[in-house]
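Reading the structure
Chain by chain, the residues run as shown.
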Amino acid sequence: MIAFILRRLIQSVLVMLAVALIAFSMFRFIGDPVNSMLPENASAEDRQELREQLGLDQPVTVQFTRFVTGAVQGEFGISYRNKRAVSEMIAERLPATLELVLAAAVFALLLGVPMGIYAALNPKGVLSNMLNVVSLIGISVPTFVTGILLILVFSVWLNWLPSFGRGETVQIGWWSTGLLSASGLKSLVLPAVMLGLFQVTLIMRLVRAEMMEVLRSDFVRFARARGLTNRAVNFGHALGNTLMPVITIVGLQLGSMIAFAIITETVFQWPGMGLLFIQAVSFADIPVMSAYLVMVALVFVAINMIVDLLYFAIDPRLSVRA
Amino acid sequence: MTFQTTPLLSVRDLSICFDTRHGPLRAVDGITFDLAPGEILGMVGESGAGKSLTGTAITGLLERPGRIDRGEIHFEGQRIDTLSAEAMRRLRGRKIGAIFQDPLTSLNPLMTVGQQLIQTIRTHLKLDQAAARKRAIDFLGEVGIPAPEARVDQYPHQFSGGMRQRVVIALALCAEPSLVIADEPTTALDVSIQAQILDLLKRMCREHGAAVILVTHDMGVIAETADRVAVMYSGRVVEIGPVDKVVRDPHHPYTRGLMQSIPRVGSNAHRLTQIDGAMPRLTDLPTGCAFHPRCPRAVAECKTTRPAALPVEGGHVACHLYQGEPA
Amino acid sequence: MALEVFPQSRLAAILESDLFYRFRTSYITVLAALVTLAIVLAAFLAPWIAPHDPFDVSTLSLWDSELPPVWAEGGDPRFLLGTDNQGRDVLSAILYGSRISLAVGFVSVALAMVIGIVVGLVSGYFGGAIDAFFMRIADVMLSFPTILVALLVSGIVRGALPREMHDSAALIVLVFAITITTWVQYARTVRSSTMVERSREYVYAAQLVGRRPFAILFSHILPNVMGPVLVIATINLAMAILIEATLSFLGVGMPPTNPSLGTLIRVGNEYLFSGIWWVVIFPSLTLVALVLAVNLLGDWLRDALNPKLR
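This write-up is about the structure you can find in this document. (Residues numbered from 1 in each chain as written. Chains lettered and ligands numbered in written order. Predicted model: local features only at pLDDT ≥ 70, side-chain atom pairs only at ≥ 80, totals over all residues. Heavy atoms only, no water.)

Focus: the overall build of chain A
Rule in force here: Helix numbering and strand numbering both begin at the N terminus, where a helix is a DSSP run of H or I of at least 4 residues and a strand a DSSP run of E of at least 2. Only protein chains enter the accessibility calculation, which uses a 1.4 Å probe. A residue is then buried if its area is under 20% of the maximum for its type, exposed if over 50%, and partly exposed in between. Contact definition: two residues touch when any of their heavy atoms are within 4.5 Å. Using the Shrake-Rupley algorithm and a 1.4 Å probe, accessible areas are obtained, with residue cover drawn only from the displayed protein chains. For the charge count, each Lys or Arg is scored as positive and each Asp or Glu as negative, with His and the chain ends excluded. We put the charge of a Lys on NZ, of an Arg on CZ, of an Asp on CG and of a Glu on CD.
Assigned secondary structure in chain A consists of 13 helices and two strands. The 322 residues of chain A split such that 50% are buried. Restricting the contact set of chain A to residue pairs at least 6 apart, pairs at least 24 apart contribute 71%. Split by element, the accessible area of chain A, about 14,900 Å² in all, is 67% carbon and sulfur. Of the side chains in chain A, 22 bear a positive and 19 a negative charge, and the two mean positions are spaced by 17 Å.

Below is the structure:
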């Protein structure tokens, strides 16, 4: 068990280093940082000064080390566009994105899992077919269209919920939360629903497919042959075996939700990291992009590892030696 | 063979068909047999002959597109093929048990062996947790699992293949059914383990008073274990009778072919005898007797009329050659 | 005995096959195929059938701006679906926009398929270090969401290009980004199929006879792995169209001067609050219809090719 954790940790560090390398290469070799940061008419001395300040005259390996040590401490340089420290900008925006993703995930799970179970147990029911069709539409409609529709209905026509911004936020130390104010919560609803909706259909289809597969397996057949009640078979035997692979995939989906938050934040002007990233891509603001890359990679690697450990803890085939 | 006790299981003219877009395909066509309490009946035949389907129909687990088209199944004097799903469920496990082929996939990998046993026991018998656990441990001991008190809390992957099948047998019998349907119980096991498991099955059923329908394609298994045997071909029973009689002196040409094709140690044959041709596909069933295209002794009648089950010593055979034979 | 002495003609075989049966008995699938076909045709013929050229500035007139669709009050039969704030015909813009969306979609799927198949075949056949290398890359790429990878690639290429070229090179950047993002799925599937086929007797026989590896790969193994590849391709087509639309919507895809459906939606979104709903709704509906139709076809294909469900 310990060996497993250690191995995964080392793997994670290696992946992070690889990502750091890519981020650094982006940072260093794409475009010219000096030219991007200074106005056109800057003098040669100014450029040289900046060059030295950024350490661009050092050998590449030294630069990379500086980059990595800086990154570990959360130091990512200066944004080309805003001329502010990237780390500051990220710290400002991170809570917004994380709260959004969390809310969306909870919404998606609470809706998706029960619907998937229902669809698996009643494959020919009318409601099942309807859900199937709706979920198919769900993955065909681009997320931003859903967002626009939501805004159209709930903001423009019904005027129930706000359609941009975070509402009032409360500052707790370094974290700013929107969960503690009424306007904050109201502003969270539409974006969370939009972000989560895509996942709902995914989770529902996944749970349904997995469960139907499990319901066809031999041990379920044997359980029925032993005369166990439908409840025992469906919720005891089948559900347990269904949820295990579902957990892995849902965990990984959390990571992708952070990426999809980019779209949600754009539609709702939600001041999170995603919006920051898009503005950076649009402007070719490399430092912000590479910082975002490292941050997201970190979150991914962390989630992957947690999911693996979870699997290890839950599956007796892995945790109990034969 | 005449005993006057009511048969435990009585199958009459059972037909199972599958609805496909080519029309209904008859996979089992009018089979009839009885099973006495405590008796071991073997059902032997090639893959696709319909033996597993018969077992599935008896336990009420037949799923669409298959359905019972015709016929009746009576169990302990009561008709069961028309029972509701819930009534059938209560019968399963408690009165009719089942054992499947692959012990590896028959057990839920996420639950301990004990949990699965206790759950089955408590579903059918009114026992509390402690009593059920004790019964589970006892059963594990009976089927030959060493140190059952320790192993009852282990997971299936911690058992070897043969051990798992023992657990499966325990699971099938723990609610004391009077009929067990064993579908190829030893096919997935090592040859060395097969004999052990068959012995165990025979012993457990004898001790707990359960009759067995042993479905297999292996005549050797039947010869070792069964009291009577029903030979199936193309969804029909072609011969049924006491095992020693059918094995030593088969009546039906198909059974004869089967017996002859078993290689014997010490024989000097250069080629193994085989029956020419193959079992017909369900979409191209021959008229009359299903076996007649491959039968070395077919007569004109075989092509036109399906043979009825004619009595021969101790059993029946569905072949025109035996009309007028003494019972 | 019913022996099939006379082999059916190829066409008859296809028409009687299970695949086609499932196709023609599923009304939804037939409908989906028709919709896809209609949109593809319309997009392809856009330059000829579009009532206006929305990009020819000389034909635009501000008098015609912000007109609602023809059935609403104030509508003009010249502009069936209304106009935007600059007088551009929404219908024509949709036709041209679909063209771009489909073009990007098809080209990136084709390219990704080629790259993925080649990498998959080589990786699966030769194994060893080559396999390990490609699969490491694949693992890393697959662990990131596609949108992110596409955005990243897009951002990097933009960073490398001088600012003036961003708009004109947008199409190529998009295709490049989507291809890089999606080749991995094909590679993975083809690799596992190749590894299965590689150990089969017919490959061994070909090796014995002395056929060169590439000949074996392409003439023997490739036909056997195409089934799952086709299913992935249809799913990927929908995904490619969606990614392109998303990138354009976010502002890093096709520019307003040469808009795809995504760009049209973005531009239209800005007028949502002022009540000009048609500029955003119609492109959205077109996009959804297209992706939905492609998804349905993909679903049908997957079900039909899945031996387990037969």
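As for the nonpolar core
The criterion, for reference: To qualify as a nonpolar core, a set must consist of buried Ala, Val, Leu, Ile, Met, Phe, Trp, Tyr and Cys residues joined through side-chain atoms within 4.5 Å.
The biggest cluster of nonpolar side chains holds 138 residues, and the ones touching the most others in it are F144 and F277 of chain A together with L151 of chain C. No other element matches helix 11 (residues 213-250) of chain C, which puts 18 residues into this core. Residues contacting F277 of chain A, with those up to four places away along its chain left out, are I262, M289 and Y292 of chain A together with L148, L151 and L152 of chain C. Core analysis: the next-biggest nonpolar cluster, separate from the first, contains 93 residues, I121, A132, A136 and Y254 of chain B among them.

Concerning the sheet that holds strand 9 (residues 228-233) of chain B
All names here are of chain B. The line we're drawing: Pairs of strands are assigned from DSSP output, requiring at least two bridges between the strands. Note on geometry: axes are lines fitted to C-alpha atoms, helical ones only across the stretch in contact, with angles between N-to-C directions running from 0 to 180 degrees.
Pairing is mixed across the open sheet formed by eight strands, whose spatial order is 6-7-8-3-9-10-12-11. Each edge of the open sheet carries a strand with a single partner, namely strand 6 (96-99) and strand 11 (310-312). Looking at each pair of strands side by side, their axes are set apart by 25 degrees on average, direction ignored. Both strand 7 (residues 179-183) and strand 8 (residues 211-216) contribute to a ladder of five bridges, which runs parallel. By the bridge assignment, L179 is partnered in strand 8 with A211. Contacting strand 3 (40-44), strand 6, strand 7, strand 8 and strand 9, helix 1 (residues 51-59) runs over the sheet at an angle of about 145 degrees to strand 7.

A look at the interface of chain A and chain B
The condition that has to hold: Once two parts are put together, the accessible area they lose, assessed with a 1.4 Å probe and summed over both, is termed the buried area. A carboxyl oxygen of Asp or Glu within 4 Å of a side-chain nitrogen of Lys or Arg is what we treat as a salt bridge. Any pair of N or O atoms that falls within 3.5 Å is considered a polar contact. Within protein, one atom must be able to donate a hydrogen and the other to accept it, and sequence-neighbouring residues count only if both atoms are side-chain atoms. Gly counts as polar in this scheme, as do all residues outside two lists: the nonpolar Ala, Val, Leu, Ile, Met, Phe, Trp, Tyr, Cys and Pro, and the charged Asp, Glu, Lys and Arg.
Between chain A and chain B, the contact holds 22 residues from the first and 25 residues from the second. Interface area for chain A against chain B, summed over the two sides, is near 2,200 Å², with a carbon-plus-sulfur share of 64%. Its largest share of buried area at the contact with chain B, chain A owes to F222, A225 and R226 of chain A, together 28% of the area lost on that side. The interface formed by chain A and chain B holds zero salt bridges in total. At the boundary of chain A with chain B, the tally comes to nine residue pairs in polar contact (both at pLDDT 80 or more). Elements that contribute at least two residues to the side of chain A that touches chain B include exactly helix 9 (218-225), helix 10 (230-268) and helix 13 (316-319) of chain A. The residue makeup of the side of chain A that touches chain B, split by class, is nine nonpolar, six polar and seven charged.

Side note on the interface of chain C and chain A
Contacts between chain C and chain A engage 35 residues on the former and 38 residues on the latter. A combined buried area of about 3,300 Å² lies between chain C and chain A, and 81% of that area is made up of carbon and sulfur atoms. On the surface where chain C and chain A come into contact, there are zero salt bridges. On the surface where chain C and chain A come into contact, there are one residue pair in polar contact (both at pLDDT 80 or more). When contributions to the side of chain C that touches chain A are tallied by element, the ones reaching two or more residues are helix 7 (146-160), helix 11, helix 12 (261-269) and helix 13 (278-305) of chain C. When residues of the side of chain C that touches chain A are assigned to their parent elements, the largest contribution, ten residues, is made by helix 13 of chain C. Here the side of chain C that touches chain A is composed, by residue class, of 24 nonpolar, seven polar and four charged.

Some thoughts on helix 7 (residues 161-173) of chain B
Residues and elements named next belong to chain B. We apply this condition: Multiplying 1.5 Å by the residue count of a helix minus one yields the expected span of that helix.
Between its first and last C-alpha atoms helix 7 spans 19 Å; for 13 residues at 1.5 Å apiece the expected length is 18 Å, and the two agree. Of all the 13 residues making up helix 7, twelve are buried; the element is thus mostly covered by neighbouring parts of the structure. Those residues of helix 7 that sit buried are G162, M163, R164, Q165, R166, V167, V168, I169, A170, L171, A172 and L173.

What to know about a nonpolar patch on the surface
Let me state the cut-off plainly: Exposure above 30% relative accessible area and the absence of a salt bridge qualify a residue for a patch, where like charges join within 9 Å and nonpolar side chains (Val, Leu, Ile, Met, Phe, Trp, Tyr) within 5 Å.
Among the surface-exposed residues, L6, L9, I10, V13, L14 and L17 of chain A lie close enough to one another that they form a single nonpolar patch of about 560 Å² accessible area. Mapped onto the secondary structure, L9 of chain A falls in helix 1 (residues 2-29).

Description of a negative patch on the surface
Residue and element names in this part refer to chain A. A surface patch of negative charge is lined by E45, D46, E49 and E52. Relative to the helices and strands, E49 resides in helix 3 (residues 44-54). For E49, a relative accessible area of 55% puts it in the exposed group.

A few points about the packing of helix 10 of chain A against helix 12 (residues 286-314) of chain A
Residues and elements named next belong to chain A. Heads up, the rule is: Relative orientations are named as follows: roughly parallel for angles under 35 degrees, roughly antiparallel for angles over 145 degrees, roughly perpendicular for angles from 65 to 115 degrees, and oblique for any other angle. With the far helix as reference, a near helix turned anticlockwise by less than a right angle produces a left-handed crossing, and one turned clockwise produces a right-handed crossing.
Between helix 10 and helix 12, the least distance of the axes is 9 Å, while the angle of their chain directions is 170 degrees. Comparing the axis directions of helix 10 and helix 12 gives the class roughly antiparallel. The hand of the helix 10/helix 12 crossing is right-handed. Where helix 10 approaches helix 12, its residues M244, P245, I247, T248, G251, L252, L254, G255, S256, I258, A259 and I262 are matched on the opposing element by Y292, V299, F300, I303, N304, V307, L310, Y311 and I314. Taken together, the residues of the contact of helix 10 with helix 12 break down into 16 nonpolar, five polar and no charged.

A word on the pattern of salt bridges
Residue and element names in this part refer to chain B. If you walk through the whole model with that rule in mind, you get 26 salt bridges over all chains. Here D13 ties to R70 by a salt bridge, and the two come within 3.1 Å at their closest N and O atoms. Taken together, the residues span a long stretch of sequence, with D13 in strand 1 (residues 9-20) and R70 in strand 4 (residues 66-75) at a distance of 57 residues. Owing to a relative accessible area of 33%, R70 belongs among the partly exposed residues under this scheme. A salt bridge links R67 to D19, with the nearest nitrogen and oxygen atoms 2.8 Å apart. Of this pair, R67 sits in strand 4 while D19 sits in strand 1, and the two are 48 residues apart along the sequence. A network of salt bridges, in which partner residues are shared, links D13, D29, R70, R236 and R306.

Overview of the sheet that holds strand 2 (residues 23-35) of chain B
Residue and element names in this part refer to chain B. Overall, antiparallel pairing links the four strands, which are arranged 2-1-4-5 in an open sheet. Each end of this open sheet is capped by a strand with a single partner; those strands are strand 2 and strand 5 (78-79). Pairing of strand 1 with strand 2 involves ten bridges; the strand directions are antiparallel. Its bridge partner being in strand 2, L14 is matched across the sheet by I31. Where helix 1 meets the sheet, its contacts fall on strand 1, strand 2 and strand 4, and the angle it forms with strand 1 comes to roughly 105 degrees.

Functional significance is not addressed by these values, which are geometric in nature.
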